[in-house]
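# Close look at the chain arrangement
The residues making up each chain are set out below.
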Amino acid sequence: KQEVTQIPAALSVPEGENLVLNCSFTDSAIYNLQWFRQDPGKGLTSLLLIQSSQREQTSGRLNASLDKSSGRSTLYIAASQPGDSATYLCAVRPHSSASKIIFGSGTRLSIRP
Amino acid sequence: DTGVSQNPRHKITKRGQNVTFRCDPISEHNRLYWYRQTLGQGPEFLTYFQNEAQLEKSRLLSDRFSAERPKGSFSTLEIQRTEQGDSAMYLCASSLPQGAGTEAFFGQGTRLTVV
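Per chain, residue numbering runs from 1 following the sequence as it is written. Note on labels: chains are lettered from A, ligands numbered from 1, in written order. This being a predicted model, a pLDDT of at least 70 is required before a residue's local features are given, and a value of 80 or more before pairs of side-chain atoms are given or counted; all residues contribute to the totals for chains, interfaces and linings. Only hydrogens and water are set aside; all other atoms, that is, all heavy atoms of the structure, feed into the side-chain values.

## Remarks on the side chain of A:Arg37
All names here are of chain A. Secondary structure is summarised from DSSP: a helix means a run of H or I of at least four residues, a strand means a run of E of at least two, and numbering begins at the N terminus for each. Relative to the helices and strands, Arg37 resides in strand E4 (residues 30-38). Accessible area is worked out with a 1.4 Å probe on protein chains only. A residue is then buried under 20% of its type maximum, exposed over 50%, and partly exposed in between. A residue is classified by how much of its surface remains accessible, and Arg37, at 17% relative accessible area, is buried. Whenever two N or O atoms come within 3.5 Å, that pair is a polar contact, provided that in protein one can donate a hydrogen and the other can accept it, and provided that, for residues adjacent in sequence, both atoms are side-chain atoms. Polar contacts involving the side chain of Arg37 include one to the main-chain carbonyl oxygen of Gly83, which spans 2.7 Å.

Now the structure itself:
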């Protein structure tokens, strides 16, 4: 059974710092991995999608990497800003059930001005 | 707005009442998903449609829950005889049909509070 874990559950850093959020998954047989942002009480905004054949994707100050063999992904945020404060969720689409997206519990990020 | 649309955004209901939520996916997306999210947790899969066919249901979807997508466009999720444990955010997502590697787009969710 595919499980997705995100550590830490919460993170607080001062503005301007570069930071890394971690995601691990138990079964490397995935089609893709997706990072989402969720603001309090809101829905999910897709940030980056990495296909299983890819190693990384970049969008602006965000860079996501994927190491499928070790079951890990990282989301790198450069030059953090208070507006980056949100919960970041990692999700995989497993081969065992392509209709499902399996989520981690998220990392709640707070950027201090 | 061409994103996934969910209505209502908020619903407060008394225990034992029935509620229905609506999801309008992105127009060219034939795949539609329902998820439930409780506080501090990631979303949990409830059910999946490809066009009008409901192809998979989670064990979380008890017999009080029913989902439909009658014409392969919008979908509804109904909860009968609501319980306090049903209080959660209900999220809808859609994706394109090409292969299994496509990106999922989520709506803003419907927050249900059962009192």
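There is more to say, and it comes next.
## Regarding the interface of chain B and chain A
A common way to express how large an interface is: the accessible area buried when the components associate. By definition in these notes, contact holds between two residues if any of their heavy atoms fall within 4.5 Å. At the interface, 24 residues of chain B touch 22 residues of chain A. Here the quantity called buried area is the accessible surface, traced with a 1.4 Å probe, that two parts lose on coming together, added over both. When chain B packs against chain A, the two sides together hide about 1,800 Å² of surface, and 50% of this comes from carbon and sulfur. By definition, a salt bridge exists where a carboxyl oxygen of Asp or Glu is found within 4 Å of a side-chain nitrogen of Lys or Arg. Here chain B is connected to chain A by one salt bridge. Applying the counting criterion to the chain B and chain A interface returns eight residue pairs in polar contact (both at pLDDT 80 or more). Put simply, the parts of the chain that give the side of chain B that touches chain A at least two residues each are strand E4 (31-37), strand E5 (44-50) and strand E9 (88-95) of chain B. Here the side of chain B that touches chain A is built from residues that sort into ten nonpolar, nine polar and five charged. As a working rule, the residues Ala, Val, Leu, Ile, Met, Phe, Trp, Tyr, Cys and Pro are called nonpolar, Asp, Glu, Lys and Arg charged, and the rest polar, with Gly in that last group.

## Quick look at the nonpolar core
Core analysis: the biggest nonpolar cluster contains 22 residues, and A:Leu19, A:Phe25, A:Leu33, A:Trp35, A:Leu75, A:Ile77 and A:Tyr88 have the highest contact counts within it. When residues of this core are traced back to their parent elements, those giving at least two are strand E3 (19-25), E4, strand E5 (44-51), strand E7 (62-67), strand E8 (72-77), strand E9 (86-94) and strand E11 (107-112) of chain A. If we ignore the near neighbours within four places in the chain, the residues touching A:Ile77 are A:Glu17, A:Asn18, A:Leu19, A:Arg61, A:Leu62, A:Asp84, A:Tyr88 and A:Leu109. Grouping buried Ala, Val, Leu, Ile, Met, Phe, Trp, Tyr and Cys residues that are joined through side-chain atoms within 4.5 Å yields what is termed a nonpolar core. Counting residues in each nonpolar core, the second largest holds 19 residues, with B:Phe21, B:Trp34, B:Phe49 and B:Cys92 among its members.

## Remarks on unusual backbone geometry
For the bond from A:Ile7 to A:Pro8, the omega torsion is 5°, close enough to zero to count as cis. Mapped onto the elements of the fold, A:Pro8 is located in the loop between strand E1 (4-7) and strand E2 (10-14). In this chain, B:Asn7 is followed by B:Pro8 through a cis amide linkage whose omega measures -10°. Looking at the secondary structure, you find B:Pro8 in the loop between strand E1 (5-7) and strand E2 (10-13). With a phi close to 45°, A:Ala79 is a non-glycine residue in the positive phi region. Mapped onto the elements, A:Ala79 comes out in the loop between E8 and E9. Residue A:Ala79 is classed as partly exposed on the basis of its relative accessible area, which comes to 37%.

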